Amino acid sequence: MGAGGRMQVSPPSKKSETDTIKRVPCETPPFTVGELKKAIPPHCFKRSIPRSFSYLIWDIIIASCFYYVATTYFPLLPHPLSYFAWPLYWACQGCVLTGVWVIAHECGHHAFSDYQWLDDTVGLIFHSFLLVPYFSWKYSHRRHHSNTGSLERDEVFVPKKKSDIKWYGKYLNNPLGRTVMLTVQFTLGWPLYLAFNVSGRPYDGGFACHFHPNAPIYNDRERLQIYISDAGILAVCYGLFRYAAAQGVASMVCFYGVPLLIVNGLLVLITYLQHTHPSLPHYDSSEWDWLRGALATVDRDYGILNKVFHNITDTHVAHHLFSTMPHYHAMEATKAIKPILGEYYQFDGTPVVKAMWREAKECIYVEPDRQGEKKGVFWYNNKL
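Keep in mind it's a predicted model, so treat the numbers as computed, not measured.

Parameters and conventions
Residues numbered from 1 in each chain as written. Predicted model: local features only at pLDDT ≥ 70, side-chain atom pairs only at ≥ 80, totals over all residues. Heavy atoms only, no water. Pairing = 2+ DSSP bridges. Helix = DSSP H or I, 4+ residues; strand = E, 2+ residues; numbered from the N terminus. Polar contact = N/O pair within 3.5 Å; in protein donor to acceptor, adjacent residues only side chain to side chain. Disulfide = S-S within 2.5 Å. Buried < 20%, exposed > 50% of the residue type's maximum accessible area, 1.4 Å probe, protein only. UniProt positions renumbered as here; feature names shortened; annotations may be inferred. Salt bridge = Lys/Arg side-chain N within 4 Å of Asp/Glu carboxyl O. Axes fitted to C-alpha atoms, helices over the stretch in contact; angles between N-to-C directions. Parallel < 35°, antiparallel > 145°, perpendicular 65-115°, else oblique. Contact = heavy atoms within 4.5 Å. Nonpolar A, V, L, I, M, F, W, Y, C, P; charged D, E, K, R; others polar. Core = buried A, V, L, I, M, F, W, Y, C linked by side-chain atoms within 4.5 Å. Expected span 1.5 Å × (residues − 1). Phe/Tyr/Trp six-rings, centres within 6.5 Å; stacked < 30°, edge-to-face > 60°. Lys NZ or Arg CZ within 6 Å of the ring centre and 35° of its normal.

### Focus: the sheet that holds strand S5 (residues 377-381)
Link 1 in the chain: Here we have 3 strands laid out as an open sheet, ordered S1-S5-S4, and antiparallel in their pairing. Lying at the two open borders of the sheet, with one neighbouring strand each, are strand S1 (282-283) and strand S4 (365-368).
Link 2 in the chain: The sheet contact formed by S1 and S5 spans 2 bridges and is antiparallel. In the strand pairing of S5, His282 is matched with Phe378.

### Observations regarding the environment of Arg292
Link 1 in the chain: With respect to the helices, strands and loops of the structure, Arg292 is situated in helix H10 (residues 290-294).
Link 2 in the chain: Residues Arg292 and Tyr272, 20 residues apart in the sequence, show an inter-C-alpha distance of 19 Å.
Link 3 in the chain: Polar contacts involving the side chain of Arg292 include one to the main-chain carbonyl oxygen of Glu287, which spans 2.2 Å.
Link 4 in the chain: In terms of polar contacts, Arg292 uses its side chain to reach the side chain of Asp289, at 2.7 Å.

### Observations regarding the state of the cysteines
Link 1 in the chain: Applying the stated criterion to the full structure yields 0 disulfides.
Link 2 in the chain: Note on Cys107: no disulfide assigned, nearest cysteine sulfur contributed by Cys44 at a separation of 19 Å.
Link 3 in the chain: Residue classification places Cys107 among the buried residues on the basis of a relative accessible area of 0%.
Link 4 in the chain: Considering cysteine sulfurs only, Cys237 is the nearest to Cys209, which forms no disulfide, with 13 Å between them.

### Some remarks on the UniProt feature "transmembrane region" (unreviewed entry) in the protein
Link 1 in the chain: When the UniProt feature table is mapped onto this chain numbering, "transmembrane region" (unreviewed entry) sits at residues 55-76, 88-105, 224-241 and 253-273.
Link 2 in the chain: Across residues 88-105, the secondary structure splits into 100% helix and 0% strand, with the terminal C-alpha atoms separated by 26 Å.

### Considerations on the pattern of salt bridges
Link 1 in the chain: Applying the stated criterion across every chain yields a total of 12 salt bridges.
Link 2 in the chain: Two residues, Arg23 and Asp369, come together in a salt bridge whose shortest N-O distance is 3.4 Å. In this pair, Arg23 sits in the segment before helix H1 (33-39) while Asp369 sits in the loop between S4 and S5, placing the two residues 346 residues apart along the sequence.
Link 3 in the chain: Here Asp369 falls in the buried class, since its relative accessible area comes to 8%.
Link 4 in the chain: A salt bridge links Glu359 to Arg300; the nearest nitrogen and oxygen atoms lie 2.8 Å apart.

### Examining the packing of helix H5 (residues 134-146) against helix H8 (residues 223-247)
Link 1 in the chain: At a minimum axis separation of 6 Å, H5 and H8 run at an interaxial angle of 130°. Considered as vectors, H5 and H8 are oriented oblique to each other. Counted together, Tyr134, Phe135, Ser136 and Tyr139 of H5 and Gln225, Ile226, Ile228 and Ser229 of H8 form the full contact between these two elements.
Link 2 in the chain: Residue composition of the contact of H5 with H8, by class: 5 nonpolar, 3 polar and no charged.

### Details of the nonpolar core
Link 1 in the chain: Counting residues in each nonpolar core, the largest one holds 53 residues, and the members touching the most others are Trp101, Leu130, Trp190, Leu269, Leu273, Tyr302 and Phe309.
Link 2 in the chain: Those elements that provide at least two residues to this core are helix H2 (49-73), helix H3 (79-108), helix H4 (116-129), H5, helix H7 (175-196), H8, helix H9 (249-275) and helix H14 (352-362).
Link 3 in the chain: The element best represented in this core is H9, accounting for 11 residues.
Link 4 in the chain: Formed by 18 residues, the second largest nonpolar core is a distinct cluster that contains Cys44, Ala294, Phe322 and Ala333.

### Quick look at the UniProt feature "domain: Fatty acid desaturase" (unreviewed entry) in the protein
Link 1 in the chain: The UniProt record annotates "domain: Fatty acid desaturase" (unreviewed entry) at residues 85-346.
Link 2 in the chain: Each end of residues 85-346 is marked by a C-alpha atom, and these two atoms are 38 Å apart; helix forms 60% of the span and strand 2%.

### Focus: H8
Link 1 in the chain: For H8, which comprises 25 residues, the first-to-last C-alpha distance of 36 Å matches the rise-based estimate of 36 Å (1.5 Å per residue) to within 8%.
Link 2 in the chain: Buried within H8 are the following residues: Arg223, Ile226, Ser229, Asp230, Gly232, Ile233, Val236, Leu240 and Ala244.
Link 3 in the chain: Buried residues belonging to H8 abut H4, H5 and H9.
Link 4 in the chain: Of the residues flanking the end of H8, it is Gly248, one or two places downstream, whose phi is positive at about 105°.

### Points about the environment of Ile270
Link 1 in the chain: Here Ile270 lies in helix H9.
Link 2 in the chain: Among the residues examined, Ile270 registers a relative accessible area of 6% and is labelled buried.
Link 3 in the chain: Separated by 155 residues in the primary sequence, Ile270 and Tyr115 have C-alpha atoms spaced 28 Å apart.
Link 4 in the chain: Each residue touching Ile270, except ones within four places of it in the same chain, is listed here: Thr98, Tyr302, Phe309, Ile312 and Thr313.

### Section: the packing of aromatic side chains
Link 1 in the chain: For the structure shown, the criterion picks out 22 aromatic pairs.
Link 2 in the chain: Ring geometry for Tyr134 versus Phe135: centroids 4.9 Å apart, planes at 70°, classification edge-to-face.
Link 3 in the chain: Taken together, the ring pairs in this structure connect Tyr67, Phe74, Trp86, Tyr89, Trp90 and Phe255 into an aromatic cluster.
Link 4 in the chain: Over the ring of Phe45 we find Lys37, and its NZ or CZ is 5.3 Å from the ring centre.

### Comments concerning the side chain of Gln346
Link 1 in the chain: Following the sequence through the fold, Gln346 ends up in the loop between helix H13 (330-341) and strand S3 (347-348).
Link 2 in the chain: A residue is classified by how much of its surface remains accessible, and Gln346, at 2% relative accessible area, is buried.
Link 3 in the chain: Within the structure, the side chain of Gln346 is placed 2.4 Å from the backbone oxygen of Leu295, a separation counted as a polar contact.

What follows is the structure, encoded as structure tokens:
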């Protein structure tokens, strides 16, 4: 980790990469959230309705253009060319709709405007369009931000301890097993998390489902809005049913279904790589505090897709520190706080596919710190 805060990833060797990548500091930082906030220009915390809508409208225009081209010109293509045109449409539309997803996610953080009702209206419409229960996820995601890095209370991608690894885990710790697990994770991971809390924290006292108003995820004040989220999903499902009845199931799958699978896969990939890295610590209740937990995340580089995804990929550290800051100020804020964060700022520019495979290989479980006296600090390992 250099002075600029970029994570130095050692070249591959016969040793496990968890032995060669430098761990980030896990001690209490020598700075406070207040000091970080003072380093950021005040205008970065200002939310602009016209500017926020400009990004949303631009995404809608691009997605509409892709849809128009596909519906108007794809039927005219000679048969062999369609095999190339459709995958290109799916990939491009999936990426653009992921940008829409990110803006709706900002609404859940009250980072879209100064008006909560406007944020919730926009978020409900566009998350529902992508079959995300807006309020349900808003509340569970808020708890993720409140408990990041906590082994007991974090909401998503909570790593297992070695003692919790199932007996068959060692048989999946090979290239074929990792390929199967990653495929399932990126295709079914998001709906399984929403419906059955797969990869989420365990809850006592009921079925932890994002569609269930009485789920233990929510308190009594939140339950009515879970019904509203469900109504939004049902409305979109009805619209898809009518579209399929009029245009055919194949048309609905091609124009909407496959791009939605791309969105879901990208969402899981982005979140997975933000919170999974051999150098990242996790904490039990004896060591965890909010600031160290918020810093236990990593910025990544997705190339041109950083802009398509509204920089949620390469400004995630700043996002966890100041989640109500609009995305269009996050790059400036990241630049402002990096000198203060120093080695606490984590960036990994490893190509995404390579990083995904490395993390799946190296980050199997967490175990207590063996290099120091902090037994409440846990690090990734893969030796089964």
